[in-house]
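# Results of the structural survey
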Amino acid sequence: MATRAAHRRERIYVDGEWLETDDALSVSDLADGGTFAQVVAAGPAEVRTALESAHEIKPELRQTSVVERAEWCEQIAVGLREREEELTEVIVREAGKPISSARGEVEQAAKRFDRAAEEARNIVSKGEFREGSTASHEGWQAIVKHEPIGAVLCVTPYNYPLATTALQVAPALAAGNSVLLKPASKTPISAAILADVISEVDGIPDGAFHFLPGNVSEIGDLLSGDDRINAIAMTGSSGAGKHIARESGMANLHMELGGNAPAIVFDDADLDDVAGNCVKGSLKYAGQRCSAVSRVLAHESVHDDLVERIDRTMDSWAAGDLFDEDTAFGPLISESQAEWVQELVDDAVETGADLVRGGARRAPEGVPDELADQFFEPTLLANVPHDARIVDEEQFGPVAAVTTFADEDEAVDLANGSDLALDAAVFTADYDRAMRLADLVDAGAVRINGAPSHGLGDIPFGGNKNSGTGREGLDASIHEMLRTKSIIL
């Protein structure tokens, strides 16, 4: 276990200045208990200043070259790597993430800034030349070019507090926009370090980046409802996304929201491989991922065999000291989240599911008392009835819920029955079936013979239905944060 860092206090960053206010948010230490940091809370006055500054800087940013902006991103990547040890410890403590995952998140964030620089050079430098193709426009010539969309509000989640922030901020800056960052209130410290890194970058003008932690009830609508915001990148719950959509007016929305990914398993699949993928998909970061495998739809002929294999595979997954390299996962982000997972598990059992293992809040030895109720055991449910809530609702907990289907039609109906449609997986040895199901399943991404994963952002990802709008990814996000202008000769 690492020695706890001295209690730290981070400030907000507005118009090139670090500011204090009378209010602050306390950040819980999910490794050792207690509070390990505070961050100054932005209020309406600071938000209004940031909005005006971000708006006024737009013309200046529009005149910067893609070469300049790419260099900013590369400097940020260097700065993140220089502070890897500090960032790793912060992510462990504020997000409750095992150190091996936290370390990987820092490197992923740095790579996203590097790659945003590459993608911006590739995208922004490539305009189009067109000629009129109708009689009334014969002889017309046009240049279609890219330009920044304006001011981008980035609203980031607690589960990947640095990597997802990088996935939003890096494309926005690389495209030449001003950025207002509103981090999750439970995990703002890694974002504060990112803000510090950005503030030291040569050439970024004051007003191009603002760091605005605060209570969403006080500043959320003020940010998302302002007409000077041209685009909103948001990762979070479907409920929060819908609220922002109602407030946002004409802003371009780019939101990755809730998920309830089904893993559809056919009788010709490699069941050992399926079990490994489903357990990792369900238990990684205690299931607190939008792309987590939330439900396993198993062909009725392999259900029992698959459940046995999943049960054995779960033996190697255990909670423990977050600073131990071998720890698989830690606590849930809050006691209320643990209560939610318990509610869904209890409902499934009451509806008729078999509880194979887990099913309760239970902490490993040595956990501080104030964190004990945030741990949820690795849980396996079998023969889950189709009408159990866990089949349709997002759980965000370490639970594999296995249900059955009789044929392809029923599998598709079950997979598409939720109002969440972010990710899905299909396990089969039949290529034609795999491609057929990939077409029929309503999801933003379908992984064949593997658990859903968004990776670095090379491939566009995002959701349908209540799982979001637009697509994220490095090049996809840059496109979302640019607008085109046609110059007709």
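Residues numbered from 1 in each chain as written. Predicted model: local features only at pLDDT ≥ 70, side-chain atom pairs only at ≥ 80, totals over all residues. Heavy atoms only, no water.

Quick note on the threshold: UniProt positions are given in the numbering used here, feature names are shortened, and annotations may be inferred rather than shown by experiment.
An unreviewed UniProt entry annotates the chain as Aldehyde dehydrogenase of Natrialba magadii. Among the UniProt annotations of the chain, the heading Sequence similarities (unreviewed entry) holds the following wording: "Belongs to the aldehyde dehydrogenase family."

## What to know about the side chain of Q395
The line we're drawing: Put simply, DSSP H or I for four residues or longer makes a helix, DSSP E for two residues or longer makes a strand, and each gets a number counted from the N terminus. Any two residues whose heavy atoms approach within 4.5 Å are treated as being in contact.
As for its position among the elements, Q395 is in the loop between β16 (379-382) and β17 (399-405). Once you skip the residues sitting within four places of it in the chain, Q395 turns out to touch S294, Q337, W340, V341, L344 and I390.

## Brief notes about the sheet that holds strand β1 (residues 8-10)
In sheet architecture, strand pairing relies on hydrogen bonds along the backbone and comes in two forms, parallel and antiparallel. Here is the rule we go by: Strand pairing is assigned whenever DSSP identifies at least 2 bridges connecting the two strands. Note on geometry: axes are C-alpha line fits, over the in-contact stretch for helices, and angles between N-to-C directions span 0 to 180 degrees.
Strand order in the open sheet formed by three strands is β1-β5-β4, with mixed pairing between adjacent strands. Two strands lie at the open edges of the sheet, namely β1 and β4 (24-28), each paired on one side alone. Mean inter-strand twist for the sheet, computed between neighbouring axes without regard to direction, equals 25°. Summarising the sheet, β4 and strand β5 (residues 35-40) pair through five bridges and their orientation is antiparallel. When the sheet's bridge partners are listed, A24 is paired in β5 with V40.

## Concerning the pattern of salt bridges
The criterion, for reference: By salt bridge we mean one thing: a side-chain nitrogen of Lys or Arg within 4 Å of a carboxyl oxygen of Asp or Glu.
Going through the model one piece at a time under the given rule, you end up with 32 salt bridges. Of the charged contacts, one joins R361 and E335 as a salt bridge, the two residues approaching to 4.0 Å between their closest N and O atoms. Of the two residues, R361 is situated in the loop between β15 (354-357) and β16 and E335 in helix α12 (residues 335-351); the sequence distance between them amounts to 26 residues. Beyond isolated ion pairs, a larger network of salt bridges with shared partners links R8, E10, R83, E86 and D196.

## Let's talk about the sheet that holds β15
With respect to topology, seven strands assemble into an open sheet ordered β15-β16-β17-β14-β13-β19-β20, the strand pairing being mixed. Of all the strands in the sheet, just β15 and β20 (445-448) have a single pairing partner and so form its edges. Across the sheet, the mean angle separating the axes of adjacent strands is 20° when strand polarity is ignored. Here three bridges tie strand β13 (residues 261-265) to strand β19 (residues 423-427), and the two strands are oriented parallel to one another. Each residue of the ladder has a partner; that of A263, found in β19, is A425. Of the strands in this sheet, β15, β16 and β17 are in contact with α12, which crosses β16 at around 25°. Together, β13, β19 and β20 form the strand contacts of helix α14 (residues 431-440), whose direction differs from that of β20 by roughly 165°.

## Considering the domain arrangement of the chain
By a frequent convention, interface size equals the accessible area lost on bringing the separate parts together. Just so we agree on the cut-off: Each domain's limits were defined by an automated method or a database of domain assignments. Two parts placed together each lose some accessible area under a 1.4 Å probe, and adding up what both lose gives the buried area. Any pair of nitrogen or oxygen atoms within 3.5 Å is treated as a polar contact; in protein, a donor-acceptor pairing is required on top of that, and neighbouring residues in sequence qualify only through side-chain atoms on both sides. Classification used: nonpolar for Ala, Val, Leu, Ile, Met, Phe, Trp, Tyr, Cys and Pro, charged for Asp, Glu, Lys and Arg, polar for all others including Gly.
Considered domain by domain, the chain is made up of domain 1 (12-257 + 467-488) and domain 2 (261-448). Here domain 1 and domain 2 have C-alpha centroids that lie 31 Å from each other. Between domain 1 and domain 2, the contact holds 27 residues from the first and 27 residues from the second. Buried area between domain 1 and domain 2, summed over both chains or domains, comes out near 2200 Å², and the portion from carbon and sulfur atoms is 61%. On inspection of domain 1 and its partner domain 2, the count reaches one salt bridge. A salt bridge links R103 to E325; its shortest N-O distance comes to 2.9 Å. In this structure, the connection of domain 1 to domain 2 is made through eight residue pairs in polar contact (both at pLDDT 80 or more). For the side of domain 1 that touches domain 2, the elements supplying multiple residues, two or more each, are α4 (84-95) and α5 (99-124). In terms of residues, the side of domain 1 that touches domain 2 owes the most to one element, α4, which gives five residues. Classifying every residue of the side of domain 1 that touches domain 2 by side-chain character gives nine nonpolar, eight polar and 10 charged.

## Topic: the environment of E394
Mapped onto the secondary structure, E394 falls in the loop between β16 and β17. Each C-alpha atom of the pair E394 and A175 lies 33 Å from the other, and the pair is 219 residues apart in sequence. When near neighbours in sequence (up to four residues on either side) are disregarded, E394 contacts G258, G259, C290, W340, L344 and L420. Engagement of the side chain of E394 in a polar contact is seen with the backbone nitrogen of G259, the distance being 2.9 Å.

## Details of a negative patch on the surface
Heads up, the rule is: Patch criteria: residues need more than 30% relative accessible area and no salt bridge. Like-charged residues are merged within 9 Å; nonpolar side chains of Val, Leu, Ile, Met, Phe, Trp and Tyr are merged within 5 Å. Each accessible area value is a Shrake-Rupley result obtained with a 1.4 Å probe; residue values ignore everything except the protein chains displayed when judging cover. Positive charges are assigned to Lys and Arg, negative charges to Asp and Glu, while His and the chain termini are left out of the count. By convention, charge coordinates are those of NZ in Lys, CZ in Arg, CG in Asp, or CD in Glu. Each residue is assigned to one of three classes by its accessible area relative to the maximum for its type, calculated with a 1.4 Å probe on protein chains only: buried under 20%, partly exposed between the two thresholds, exposed over 50%.
A contiguous patch of negative charge, built from D15, E17, E56 and D206, is present on the exposed surface. Along the chain, E56 falls in helix α1 (residues 44-56). The class for E56 is exposed, based on a relative accessible area of 53%.

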